[in-house]
Number of protein chains: 2
Amino acid sequence: MDIYYVDGEFVPADRAVIPVNDLAVLRGLGAFELLRTYNGHPFALEQHLQRLEHSVHKMGLLLPWTTAELTRIILETLRRNETSAHSESNIRIIVTGGTSPDFMTHQGQPRLLVLVSEMPRQPEAWYSEGVKITTMKSRRILPGAKSINYLSATLAMQKARAKGAVESVYVDRDGGVYECTTSNIFMFTGDRLVTPGRKILSGITRGFILELAQSLFEVEVRDLTLAELLRADEVFITGTNKGVVPVVQVDDQQIGNGRPGRRTSELMQAMSARAADHASQTTYTA
Amino acid sequence: MDIYYVDGEFVPADRAVIPVNDLAVLRGLGAFELLRTYNGHPFALEQHLQRLEHSVHKMGLLLPWTTAELTRIILETLRRNETSAHSESNIRIIVTGGTSPDFMTHQGQPRLLVLVSEMPRQPEAWYSEGVKITTMKSRRILPGAKSINYLSATLAMQKARAKGAVESVYVDRDGGVYECTTSNIFMFTGDRLVTPGRKILSGITRGFILELAQSLFEVEVRDLTLAELLRADEVFITGTNKGVVPVVQVDDQQIGNGRPGRRTSELMQAMSARAADHASQTTYTA
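Along each chain, the written sequence defines residue order, and numbers are assigned to residues from 1. Chain letters and ligand numbers both follow the written order, the letters beginning at A and the numbers at 1. Whole-chain, interface and lining totals are the exception, using all residues; otherwise, since this is a predicted model, local features are given only for residues with pLDDT of at least 70 and side-chain atom pairs are given and counted only at 80 or more. Hydrogens and water molecules were not included; the side-chain quantities draw on all heavy atoms of the structure.

**Quick word on the overall build of chain A**
Right, on to step 1. Runs of E in the DSSP output that reach at least two residues are strands. Runs of H or I that reach at least four are helices, and both are numbered from the N terminus. When its secondary structure is counted, chain A shows eight helices and 17 strands.
Right, on to step 2. In summary, chain A has a C-alpha radius of gyration of 19 Å against a globular reference of 19 Å for 286 residues, a match within 12%.
Right, on to step 3. A principal-axis box enclosing the C-alpha atoms of chain A has dimensions of 55 × 45 × 30 Å.
Right, on to step 4. In this scheme, a residue with accessible area under 20% of its type's maximum is buried, one over 50% is exposed, and one in between is partly exposed, where area comes from a 1.4 Å probe on protein chains only. For chain A, with 286 residues in total, the buried portion stands at 59%. The reference for a compact globule is 2.2 Å times residues^0.38; the radius of gyration itself is calculated from the C-alpha atoms.

**Quick word on the pattern of salt bridges**
Right, on to step 1. Here, a salt bridge means any Lys or Arg side-chain nitrogen found within 4 Å of an Asp or Glu carboxyl oxygen. With the rule as written, the count across this model stands at 30 salt bridges over all chains.
Right, on to step 2. Between R111 of chain A and D22 of chain A there is a salt bridge whose closest N-O contact spans 2.7 Å. One end of the pair, R111 of chain A, is in the loop between β6 (89–96) and β7 (112–118); the other, D22 of chain A, is in the loop between β3 (17–19) and α1 (23–27), and 89 residues separate them in sequence.
Right, on to step 3. Between R173 of chain A and D174 of chain B there is a salt bridge, with its nearest N and O atoms 3.4 Å apart. One end of the pair, R173 of chain A, is in the loop between β9 (167–171) and β10 (176–180); the other, D174 of chain B, is in the loop between β9 (167–171) and β10 (176–180), on a second chain.
Right, on to step 4. Look at R173 of chain A and you get exposed, because its relative accessible area is 53%.
Right, on to step 5. Taken together, the shared-partner salt bridges connect R192, E218, E220, R222 and E228 of chain A into one network.

**Some details on the environment of L229 of chain B**
Residue and element names in this part refer to chain B.
Right, on to step 1. You can see L229 is positioned in helix α7 (residues 226–231).
Right, on to step 2. L229 gets classed as buried once you look at its relative accessible area, which sits at 0%.
Right, on to step 3. Along the chain, L229 and T99 lie 130 residues apart, while their C-alpha atoms are 44 Å from each other.
Right, on to step 4. Ignoring anything within four residues of it in the chain, the contact list for L229 reads V177, I185, M187, L224, V235, V250 and I255. Should any heavy atoms of two residues lie within 4.5 Å, those residues are counted as being in contact.

**Thoughts on the sheet that holds strand β5 (residues 41–42) of chain B**
All names here are of chain B.
Right, on to step 1. Between any two strands, pairing holds if DSSP finds at least two bridges. Taken in spatial order, the six strands line up as β2-β1-β7-β6-β4-β5 in an open sheet, and their pairing is antiparallel. At either margin of the open sheet sits one strand with a lone partner, and together these are β2 (9–12) and β5.
Right, on to step 2. Sitting on the sheet, helix α3 (residues 67–80) touches β1 (3–6), β2, β4 (30–38), β5, β6 (89–96) and β7 (112–118), and the angle it makes with β7 is about 35 degrees. Here an angle of 0 to 180 degrees is reported between the N-to-C directions of two axes, which are lines fitted to C-alpha atoms, with helices fitted over the stretch in contact.

**Details of the domain arrangement of chain A**
Residue and element names in this part refer to chain A.
Right, on to step 1. What marks off one domain from the next here is an automatic or database domain assignment. Partitioning chain A into structural domains gives domain 1 (3–118) and domain 2 (124–275).
Right, on to step 2. Here domain 1 and domain 2 have C-alpha centroids that lie 27 Å from each other.
Right, on to step 3. Listed as interface residues are 22 residues of domain 1 and, on the opposing side, 18 residues of domain 2.
Right, on to step 4. The contact between domain 1 and domain 2 buries some 1,700 Å² in all, and 67% of this surface belongs to carbon and sulfur atoms.
Right, on to step 5. If you sort the residues of domain 1 by the area they bury against domain 2, F32, F43 and R51 come out on top, with a joint share of 35%.
Right, on to step 6. Inspection of the domain 1/domain 2 interface yields zero salt bridges. The term buried area refers to how much accessible surface (probe radius 1.4 Å) is lost by two components on association, counted for both of them together.

**Topic: the nonpolar core**
Right, on to step 1. Only buried Ala, Val, Leu, Ile, Met, Phe, Trp, Tyr and Cys residues count toward a nonpolar core, and they belong to the same one when joined by side-chain atoms within 4.5 Å. In this structure, L112 of chain A together with L112 of chain B are the most contacted members of the largest nonpolar core, which totals 97 residues.
Right, on to step 2. Here L112 of chain A is in contact with Y5, V6, D7, W65, L70, I73, I93, I94 and V95 of chain A, once residues within four sequence places are set aside.

**Considering helix α5 (residues 151–162) of chain A**
Right, on to step 1. How far a helix is expected to stretch is found by multiplying one less than its residue total by 1.5 Å. For α5 of chain A, with twelve residues, the first-to-last C-alpha span of 17 Å sits near the 16 Å given by 1.5 Å per residue.
Right, on to step 2. Buried within α5 of chain A we find L151, S152, A153, T154, L155, A156, M157 and A160 of chain A.
Right, on to step 3. Those residues of α5 of chain A that are buried lie in contact with β8 (131–137) and β9 of chain A together with α1 (23–27) and α2 (45–58) of chain B.
Right, on to step 4. Just downstream of α5 of chain A, G164 of chain A is the residue with a positive phi angle, here 75 degrees.

**Some points on the confidence of the model for chain A**
Do not read the predicted coordinates in detail wherever pLDDT is low.
Right, on to step 1. The pLDDT score gives, residue by residue, the confidence of the prediction method on a 0 to 100 scale. Across chain A, pLDDT averages 92, with 98% of residues at or above 70.
Right, on to step 2. Taken over the whole predicted complex, pTM reads 0.91, whereas the ipTM for its chain interfaces reads 0.89.

**Focus: the sheet that holds strand β1 (residues 3–6) of chain A**
Residues and elements named next belong to chain A.
Right, on to step 1. Strand order across the open sheet formed by six strands is β2-β1-β7-β6-β4-β5, with antiparallel pairing between neighbours. One side of each edge strand has no neighbouring strand; the edge strands of this open sheet are β2 (9–12) and β5 (41–42).
Right, on to step 2. Bridge count for strand β4 (residues 30–38) against β5 is two bridges, and the pairing is antiparallel. In the strand pairing of β5, T37 is matched with P42.
Right, on to step 3. Contacts from helix α2 (residues 45–58) reach β4, β5 and β6 within the one sheet, and its direction differs from that of β4 by about 175 degrees.

**Let's talk about the relation of the copies chain A and chain B**
Right, on to step 1. Superposition of chain A onto chain B requires a rotation of 180 degrees combined with a translation of 0.0 Å along the rotation axis, giving an RMSD of 0.0 Å. Overall, the copies show the geometry of a two-fold rotation axis. Scanning chain A for the C-alpha nearest the rotation axis identifies G28 of chain A, at a separation of 2.0 Å.
Right, on to step 2. Residue by residue, 100% of the interface of chain A is reproduced at the interface of chain B, so both copies engage with the same surface. Superposing the copies works by least squares over the C-alpha atoms of residues that have pLDDT at least 70 in both of them.

**Here we look at unusual backbone geometry**
Right, on to step 1. The backbone phi angle of A85 of chain A is positive, close to 50 degrees, even though this residue is not glycine.
Right, on to step 2. Inspection of the secondary structure assignment puts A85 of chain A in the loop between α3 (67–80) and β6.

This is the structure we're talking about:
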């Protein structure tokens, strides 16, 4: 049985509850982060905690825990899940709006939840064959903050799945492309790697890819249009639970030659090496 | 102590909890309704339940309760709160996405929550003096469904309050005006009452106002622009917990002569009479 940290206590997953008058339940108000482990070590914990702090601030919520306190709680939750024998774990951190006396505005203490679970594996074919994504006319509310407001994302994902796609990329009225529902997006034109830098949730995996790409390719962080994306030589998406996934089709249009590209493969290998490096080296002191 | 109905049981408010792996907590996924009582009788229960069914359907959730079952549960929850001696009650109905094994898609049984609480009173001056509202460039995700996704509404409301306003009206890129964060909006040009009919959450109070207005004024349900709104003779907003509230200022601009208008007052009186009628007549059989 997985163990969750809920508002000060460690409890078995099937007994983990929060009050119904928390603003997360009443108003969908909460910030969150999703981490993964490599070889049992949480990956990019500092970066995730930094982003959590940023999200909480943008949403006008409170975060009455220091980074050191959050780190200690997360590592302790992970330790208590050792008996669950996950091959790798997901660590989901949620900071809720807390109990609201008026059912609308947040006035009280937020709640901290840390949910550790077996990390799901994506199909091997995603990486070897590439995937299809769809486009959707929509956008993220408050793009810079990672909130639990996933209604539009959930609906976009349902539509994407119904069309045999694994993700949906948001396209605005002017044909601008920014991000997918739960992934960042990149394209290659020749040896030039391009990814949007504005109006996105800046992914942790995206950050590593940009860092790794600098020594391998020309890198441009700028606005991107759907027209450019469709003409790209290679497209890929990134995310914590999916890593780097080659995209070979957008709606009905094939990208490049319809196969994962060699530059994308190069970045997939660089990312694997970076993760292996992390797995062998990381020690946290709580 | 208020009594809540939570997923099959009646519990004191301070012991009412739901599992943290419900999609309401993980993803802000849930539909809701807010009712009020007049003289202890729930007002427009049938209409609210109809809309709940509609919201649940639009959000792709499930509603495994019949209208008769929902009515029985709501009335029983209200009955168990008789000892709380509310002057009037709010009844908040939430249908969650239910527990999700993959933390993202809904696959299981939704949860039904019925929260009964003392209905808040708005300041008398709102009605006698009128209020200010602000404009905000934003829109509701999935306008037809009443979801717990209130992040943009919460942020808009915070900004409005900081400017001494009680509400914020969404204005789109083309200057179109549709609705406020938690209210519908109307304007009078002479004896002509105008309110948007598209891209809104169709309020229950709005429905009564349209019905009552038919015998008193010329009524137009159509798209509305901010420019028209600012030139209006009278503006008002409606909602379950606020009733009919005259608007005398939008951002920095005064509406009409800056006082609540006589036509708005006429509708406020008609609505009061309608509610009094309800309070004296309604009997539900559960």
